[in-house]
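Secondary and tertiary structure notes
Below, each chain spelled out in residue letters.
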Amino acid sequence: METIESSKIMQERCDAFRLSGQTISLVPTMGFFHDGHLELMRAGKRLADQMVVSIFVNPIQFGPSEDFEVYPRDMEGDLSKAQDVGADYIFCPSTEEMYSGGFQTIVSVQEVTKHLCGLSRPSHFEGVTTVVAKLFNTTKPHLAIFGQKDYQQLTVISRMVEDLNMGIKIVGVPTVREPDGLAMSSRNSYLSPEERESALCLKKSLDLAENLFRQEEYNAEKIIAEVEQLILSHASTEIEYVKICHSASLEDVETVEEKSLLALAVKVGQTRLIDNCLIGKTSGNVPDSNS
Ligand code: AMP
């Protein structure tokens, strides 16, 4: 495994692989690896000849009052975990490497960014699409792997790839969870033991909605009300949103159908957590640029 900090060198390596007919997968991350990240890497390894894992805590996707400065970092541990799952390259540029020299270009997806996290994090997705476009141009991947945990991000990236004819296959990997159901996230490290217990309300909410749907409750407003009640019955929780929406447009629906998206953002103490599920469908089915 080779660690590369320079965009130019990374580009040269990937150009050479393309010229020699080898396929490249990219797994973009902000590091502090857990098994969710590793599952993406296992897919990336399976699907291409060369796998690049990027580690970059991207300042332009954090709002001014968000956790960029304190975001957990562990480069040494990450390198060892990535090596164990067979990463070929770690691309870990500095902020200066990514955004120096009068940087002034933003990639912006217009519609699917208007909902869910886009409402409370206004410039977040522009930060994400801009950095991912840069990573794509640097590593020239044939396919890129993203987690369904960040469902809206996966949708936004798929849209960008299609709209800008990037010719990259976007692969979505189902959410990896702790044994008790909590979706793995680097931000779980912020939770106190009591908050960690309260955080289970997110997965319980998904299960509750799923059960209500199975009992033929199709009214989105009623399901959302029950979910909100469940969340607020847990200590230290504050709801940012509970939405049931169309799985492609992310627009609210009134009547729940199979594969409607239930998406949650909940603050537990000071920690903002998200989770989601496609109702009536427990796994699989993620947006895919080639589908
Ligand atoms: P992050 O480092 O949090 O930016 O995440 C990097 C990638 O890992 C993104 O595509 C995430 O959607 C994905 N990811 C994060 N947590 C999980 C999880 N629990 N299961 C599957 N993928 C995940």
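Right, let's walk through the structure included here.

Calculation rules
- Residues numbered from 1 in each chain as written.
- Predicted model: local features only at pLDDT ≥ 70, side-chain atom pairs only at ≥ 80, totals over all residues.
- Heavy atoms only, no water.
- Salt bridge = Lys/Arg side-chain N within 4 Å of Asp/Glu carboxyl O.
- Helix = DSSP H or I, 4+ residues; strand = E, 2+ residues; numbered from the N terminus.
- Buried < 20%, exposed > 50% of the residue type's maximum accessible area, 1.4 Å probe, protein only.
- Contact = heavy atoms within 4.5 Å.
- Axes fitted to C-alpha atoms, helices over the stretch in contact; angles between N-to-C directions.
- Parallel < 35°, antiparallel > 145°, perpendicular 65-115°, else oblique.
- Left-handed = near helix turned anticlockwise from the far one by under 90°.
- Nonpolar A, V, L, I, M, F, W, Y, C, P; charged D, E, K, R; others polar.
- Near = heavy atom within 4 Å.
- Polar contact = N/O pair within 3.5 Å; in protein donor to acceptor, adjacent residues only side chain to side chain.
- Areas by Shrake-Rupley, 256 points an atom, 1.4 Å probe, with all protein chains shown as cover.

Within the structure shown, the criterion is met by 16 salt bridges. Between Arg-42 and Glu-39 there is a salt bridge whose closest N-O contact spans 2.7 Å. Of this pair, Arg-42 and Glu-39 both sit in helix H2 (residues 35-47), three residues apart, which is roughly one turn of the helix. By relative accessible area, which is 28% here, Glu-39 ends up partly exposed. The partner of Glu-240 in a salt bridge is Arg-272, with the nearest N and O atoms 2.7 Å apart. Here the residue Glu-240 occupies a position in strand S7 (residues 237-245), and Arg-272 occupies one in strand S9 (residues 271-278), the gap between them amounting to 32 residues. Through salt bridges with shared partners, a single network forms among Asp-35, Glu-39 and Arg-42.

Take His-37: it is sitting in helix H2. Not counting residues up to four positions away in its chain, the partners in contact with His-37 are Thr-29, Gly-31, Phe-32 and Ser-186.

Let's shift gears to the packing of helix H9 (residues 201-214) against helix H10 (residues 220-232). Two elements in contact, H9 and H10, have axes whose closest approach is 9 Å; the angle formed by their N-to-C orientations is 150°. Considered as vectors, H9 and H10 are oriented roughly antiparallel to each other. Judged by the twist between their axes, the crossing of H9 over H10 is right-handed. Between H9 and H10, the residues in contact are Cys-201, Lys-204, Ser-205, Leu-208, Ala-209 and Leu-212 and Ile-223, Glu-226, Val-227, Leu-230 and Ile-231, respectively. Tallied by class, the residues present in the contact of H9 with H10 amount to eight nonpolar, one polar and two charged.

A few words on the site of the ligand. In the vicinity of the ligand there are 18 residues, among which His-37, Gly-147, Asp-150, Val-176 and Met-184 approach most closely. Measuring from an oxygen atom of the ligand, one finds a backbone N or O atom of Gly-147 at 2.9 Å. Between Asp-150 and the ligand, the recorded distance is 2.6 Å, taken from a side-chain N or O atom to an oxygen atom. Contact with the protein chains removes 93% of the 480 Å² of surface that the ligand exposes when unbound. Sorting the residues of the shell around the ligand by element identifies strand S2 (24-29), H2 and strand S5 (143-147) as the ones contributing at least two each.

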